[in-house]
Amino acid sequence: MTSQTAADHATIDVPREPLRERAYKWAIGLVIAGLLVWSWHPAEMFRWINLFTDAGNMAEFARGFLSPNFRDWDIYLADMVVTVQIAVWGTFLSVVFGIPFAIMSSSNVCPVWIVQPVRRLMDACRAINEIVFALLFVVAVGLGPFAGVMALFIHNLGVVAKLFSEAVEAIDPRPVEGIRATGASKLQEIIFGVIPQVTPLWISFGLYRFETNVRSATVLGIVGAGGIGQLLWENIRSFAYAETAAIMVIIVVSITLIDMLSQRLRKWAI
Amino acid sequence: MACAVSVEKLSKTFGGTRALDNVSIAVEPGEMVALIGASGSGKSTLLRHIAGLVEADKTGDGAISILGRTMQANGRITADARAIRSSVGVVFQQFNLVGRLKVLTNVLIGNLGNMPRLKGCLSLFTGEQKKAAMRALHRVGIAQQAMQRGSTLSGGQQQRAAIARSLVQGARVLIADEPIASLDPSSARKVMDILGDLNRRDGITVLVSLHQVEYALNYCRRTIALRNGQVVYDGPSEALTPEFLGELYGAESEELFLPGLDAAAGKAEPKPRRAVASLAPAAAAAY
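Residues numbered from 1 in each chain as written. Chains lettered and ligands numbered in written order. Predicted model: local features only at pLDDT ≥ 70, side-chain atom pairs only at ≥ 80, totals over all residues. Heavy atoms only, no water.

1. Section: the pairing of strand E1 (residues 5-14) of chain B
Residues and elements named next belong to chain B. Here is the rule we go by: Strands are labelled as partners when DSSP assigns at least two bridges between them. We count a stretch as a helix when DSSP gives it H or I for four or more residues in a row; a strand needs E for two or more, and each element gets its number in order from the N terminus.
Pairing of E1 with strand E2 (residues 17-27), which is carried by seven bridges, proceeds in the antiparallel orientation. Of the residues in E2, the one forming a bridge with Lys12 is Leu20. Hairpin connection from E1 to E2: two residues lie between these consecutive antiparallel strands, with Gly15 at a positive phi of about 60°.

2. Structural notes on the packing of aromatic side chains
All names here are of chain A. Which entries qualify depends on this criterion: Aromatic pairs are defined between Phe, Tyr and Trp rings, using the six-membered ring for Trp, whenever the two ring centres lie within 6.5 Å; interplanar angles under 30 degrees are classed as stacked, those over 60 as edge-to-face, and all others as tilted. Remark: exposure states derive from per-residue accessible area (1.4 Å probe, protein chains only) relative to the maximum for the residue type, with buried under 20%, exposed over 50%, and partly exposed in between.
Enumeration over the complete set of coordinates arrives at seven aromatic pairs over all chains. Pairing Trp89 with Phe92 gives two aromatic rings, centres 5.5 Å apart and planes at 85°, and the pair type is edge-to-face. A residue pair is termed a helical-turn pair when its members lie 3 or 4 positions apart in one helix, as Trp89 and Phe92 do in helix H5 (residues 73-104) at three residues. Here Phe92 falls in the partly exposed class, since its relative accessible area comes to 46%. Ring pairs connect the aromatic residues Phe164, Trp202 and Phe205, which therefore count as one cluster.

3. Some words on a nonpolar patch on the surface
Residue and element names in this part refer to chain A. Definition in use: The patch calculation keeps residues exceeding 30% relative accessible area without a salt bridge and links them within 9 Å when they carry like charges or within 5 Å when they are nonpolar (Val, Leu, Ile, Met, Phe, Trp, Tyr). Exposure was quantified through the Shrake-Rupley algorithm and a 1.4 Å probe, taking into account, for residues, occlusion by the shown protein chains and nothing else. Every case where a carboxyl oxygen of Asp or Glu lies within 4 Å of a side-chain nitrogen of Lys or Arg is listed as a salt bridge.
Taken together, Trp40, Met45, Phe46, Trp48, Ile49, Leu51 and Phe52 make up a surface patch of nonpolar side chains, about 760 Å² in accessible area. Positionally, Phe46 belongs in the loop between helix H2 (19-40) and helix H3 (50-53). Relative accessible area serves as the criterion here: at 37%, Phe46 is assigned to the partly exposed category.

4. Focus on the nonpolar core
To keep things clear, this is the line we draw: Here the nonpolar core consists of buried residues drawn from Ala, Val, Leu, Ile, Met, Phe, Trp, Tyr and Cys, with membership extended through side-chain atoms lying within 4.5 Å.
Residues Ile36, Met192, Leu210 and Leu245 of chain B are the most contacted members of the largest nonpolar core, which totals 58 residues. Counting 36 residues, the second-largest nonpolar core is a separate cluster that includes Met80, Ala147, Ala161 and Leu232 of chain A.

5. A short note on the interface of chain B and chain A
How large an interface is tends to be reported as the accessible area lost when its parts come together. Under the convention used in this document: Only heavy atoms matter for contacts: two residues are in contact if any of them lie within 4.5 Å across the pair. Accessible area that two parts lose when put together, evaluated with a 1.4 Å probe and summed over both, is termed the buried area. Polar contact is the term for a pair of N or O atoms within 3.5 Å; when the atoms are in protein, one must be able to donate a hydrogen and the other to accept it, and sequence-neighboring residues count only if both atoms are side-chain atoms.
Listed per partner, the contact involves 25 residues of chain B and 20 residues of chain A. Note on chain B versus chain A: buried area summed over both sides is about 2000 Å², and carbon and sulfur give 64% of it. Contact with chain A buries surface across chain B, with Phe95, Arg100 and Cys121 of chain B losing the most and accounting together for 28% of the total. Linking chain B with chain A are one salt bridge, by the criterion used here. A salt bridge links Arg48 of chain B to Glu177 of chain A, with the shortest nitrogen-to-oxygen separation between them at 2.6 Å. One can count four residue pairs in polar contact (both at pLDDT 80 or more) joining chain B with chain A. When contributions to the side of chain B that touches chain A are tallied by element, the ones reaching two or more residues are helix H2 (81-85), strand E7 (88-91), helix H4 (117-121) and helix H6 (155-169) of chain B. For the side of chain B that touches chain A, the element with the highest residue contribution is H4 of chain B, accounting for three residues.

6. A closer look at the confidence of the model for chain B
All names here are of chain B. The condition that has to hold: Per-residue confidence from the predictor is reported as pLDDT, a score between 0 and 100.
Averaged over chain B, the pLDDT score is 80; the fraction of residues at 70 or greater is 88%. Ranking the helices and strands of chain B by mean pLDDT puts helix H3 (residues 103-108) first, with 91, and helix H10 (residues 273-286) last, with 39. With pLDDT under 50 throughout, residues 261-287 is counted as low confidence; its partners more than four residues away or in other chains account for 24 contacts.

7. Some thoughts on the sheet that holds strand E5 (residues 69-73) of chain B
All names here are of chain B. Defined as follows: Between N-to-C directions, angles span 0 to 180 degrees; the directions come from axes that are lines fitted to C-alpha atoms, helices contributing only their stretch in contact.
Across the sheet, which stays open at both edges, the five strands sit in the order E2-E1-E4-E5-E6 with antiparallel pairing between neighbours. Strand pairing shows two members of the sheet lacking a second neighbour, E2 and strand E6 (76-77), which therefore form its edges. Inspection of the sheet shows E1 paired to strand E4 (residues 63-66) by four bridges, in the antiparallel sense. When the sheet's bridge partners are listed, Val7 is paired in E4 with Ile64. The strands touched by helix H1 (residues 43-50) within the sheet are E1, E2, E4 and E5, with E1 carrying the most contacts at an inclination of about 120°.

8. Quick look at the domain arrangement of chain A
Applied cut-off: Domain segmentation is taken from an automatic or database assignment of domains.
For chain A, the assigned domains are domain 1 (14-57) and domain 2 (71-269). For domain 1 of chain A versus domain 2 of chain A, the distance between C-alpha centres works out to 34 Å.

9. Remarks on helix H11 (residues 229-237) of chain A
Residues and elements named next belong to chain A. Cut-off, in case you're wondering: Arc definition: it is the arc formed by the directions from the helix axis to the C-beta atoms.
All of the buried residues along H11 are Gly229, Leu231, Leu232 and Asn235. Each buried residue of H11 lies within a common arc of 160° when the element is viewed along its axis, so the set occupies one face. For H11, the secondary structure elements touched by its buried residues are H5, helix H10 (186-220) and helix H12 (241-269). Looking one or two residues beyond H11, the residue adopting positive phi is Phe239, at roughly 55°.

10. Here's the deal with the pairing of E4 of chain B
Residue and element names in this part refer to chain B. In this structure, E4 lies alongside E5, joined through four bridges in antiparallel fashion. Looking across to E5, one finds that Ser65 is bridged to Thr70. Count of turn residues in the E4/E5 antiparallel hairpin: two residues, of which Leu67 carries a positive phi of about 50°.

11. Observations regarding the sheet that holds strand E9 (residues 205-210) of chain B
Residues and elements named next belong to chain B. Spatially, the six strands line up as an open sheet ordered E7-E8-E9-E3-E10-E11, and their pairing is mixed. What marks the edges here is a single partner per strand, and that holds for E7 and strand E11 (230-236). For this sheet, the mean inter-axis angle between neighbouring strands, taken without regard to orientation, is 15°. Note: strand E3 (residues 32-36) against strand E10 (residues 222-227), four bridges, orientation parallel. Counterpart to Ala34 in the pairing with E10 is Thr223.

12. Overview of the pattern of salt bridges
Scanning the model with the defined rule gives 22 salt bridges over all chains in all. Residues Arg180 of chain A and Glu189 of chain A are paired through a salt bridge, measuring 3.2 Å at the closest nitrogen-oxygen approach. Shared partners join several salt bridges into a network, and the residues in it are Arg139, Asp197, Arg201 and Asp202 of chain B.

13. Comments concerning the packing of helix H6 (residues 112-127) of chain A against helix H8 (residues 145-169) of chain A
All names here are of chain A. Under the convention used in this document: The scheme is simple: roughly parallel for angles under 35 degrees, roughly antiparallel for over 145, roughly perpendicular for 65 to 115, oblique for anything else. Left-handed describes a crossing whose near helix is turned anticlockwise from the far helix by less than a right angle; the clockwise case is right-handed.
Between H6 and H8, the shortest axis-to-axis distance is 6 Å and the interhelical angle comes to 130°. Between H6 and H8, the angle is such that the two are oblique. When you trace H6 past H8, the crossing you get is left-handed. Between H6 and H8, the residues in contact are Arg119, Met122, Cys125 and Arg126 and Ile154, His155, Leu157, Gly158, Val159, Ala161, Lys162 and Glu169, respectively.

14. With respect to the side chain of Glu211 of chain A
Residues and elements named next belong to chain A. If you trace the backbone, Glu211 turns up in helix H10. A relative accessible area of 6% means that Glu211 is categorised as buried. Within the structure, the side chain of Glu211 is placed 2.3 Å from the side chain of Ser262, a separation counted as a polar contact. Excluding anything up to four places from it in sequence, Glu211 contacts Asp259, Ser262, Gln263 and Arg266.

15. Examining the environment of Ala134 of chain A
All names here are of chain A. Structurally, the position occupied by Ala134 is in helix H7 (residues 130-141). Under the relative-accessibility criterion, Ala134 is labelled buried at 0%. Here the alpha-carbon distance between Ala134 and Val88, two residues 46 residues apart in the chain, equals 16 Å. In contact with Ala134, other than residues within four places in its own chain, are Ala151, Leu220, Val223 and Ala225.

Listed below in structure tokens is the structure:
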């Protein structure tokens, strides 16, 4: 530091950000602002004032929620357990059946004429919400949790295939070549070269989907596909805010516990 | 008798550049041949073609056969390739092993080409196969590490595990692509000693690409030199004096000598030759 003189400091200018980069930042800002303006009216954002003019209704809501009624807690808890069980089976099926589809939609493993059709099929599974699938399965297999399991299964098949195949596409190809060089078959290359590399990520994604599925399963009951959603919906519709509040507390606590547990497991898996 | 490795008029073009230009080589069974050349001279490309991992140019009539069976011809890998690969061991410069699998499993993978596919897929390896894998690991000196994950091994140990995999394969031809390029001198010597030992005692044909000519001089009687995708020399290693390499490669030749040894001085005395003699019996005793 002692060798540096005041003159050295004086001669060094702070470089200006290039015009291109500044223009780029402005452009991004303008695009976002444009999107917001474009969506303002269709989304009825002009009604923000109602939040204040109708505050009385809100207060009534809040009063009900502040005194949750846990009289039927055992029923709520039993339904919450069913909700988790729906998520368990939905996740399990989507992972088991998602793995082959994930492999088939990985461009570094399969040829394009397999990858493209499989990917489009998986897109279709993903594009349609669980609730919509639940409505369809309620018609097909009747009311109850099984329809919920099927709804989660089909929707998550698409999600799992995409997440898992992204992991497969990011593998290191060199150990796989080593296996190919021993005369192994294509399937054996996948089993011994690809899957060991992606296992930790797959476990992590699988657990993450389980968390998400428990959350999704809490609303499946609204359309009659089992779980705590049905009770929730009935209580909301009959303006039983105290009971609704109790159910929501149970959902929040359960989801928090499951998220914490699954996070712990994910860290351990990697 | 058929050549162990025969490459005829092989060319490969990547984009606009000719990586291999009409290369023809023939390696007899039981030979240990060094393949030298500066970076980008086509060594790796040639070896990857021989291993059947890359297809050559479709134009021209290049062909590669291993022990008399055609691996690829006219830029097409033959239907036989899977069967042929199982008799060719390949050791890469790095990343030979699947890091998350145990070393033993990595070595057992060598069996996949020679067992029923379904059994292989379910990793139903027999006790005999496991014993053979342990013998192979013992022979290359890393039996202790059998139960560790591949990723926990040092660079030299990984190379040795890959050699053990080739042994389990029952490979008659071993192709090593710069197996010692990223290793320290003592690990490098160990790996080269093991390759030499497999060649002498088991009669396995070894074709090894090397960056530094000293190792070629010490371990291989014959050397093939590549430059810009062409074979510029094929003959006894002794002839590769610094002057001659200078003629072949010009300024590039500096790259071919171990740093620290004074190439310009003319006589780069091959130091490790004595080490070979002393280490080989140790490796033999270990088996």
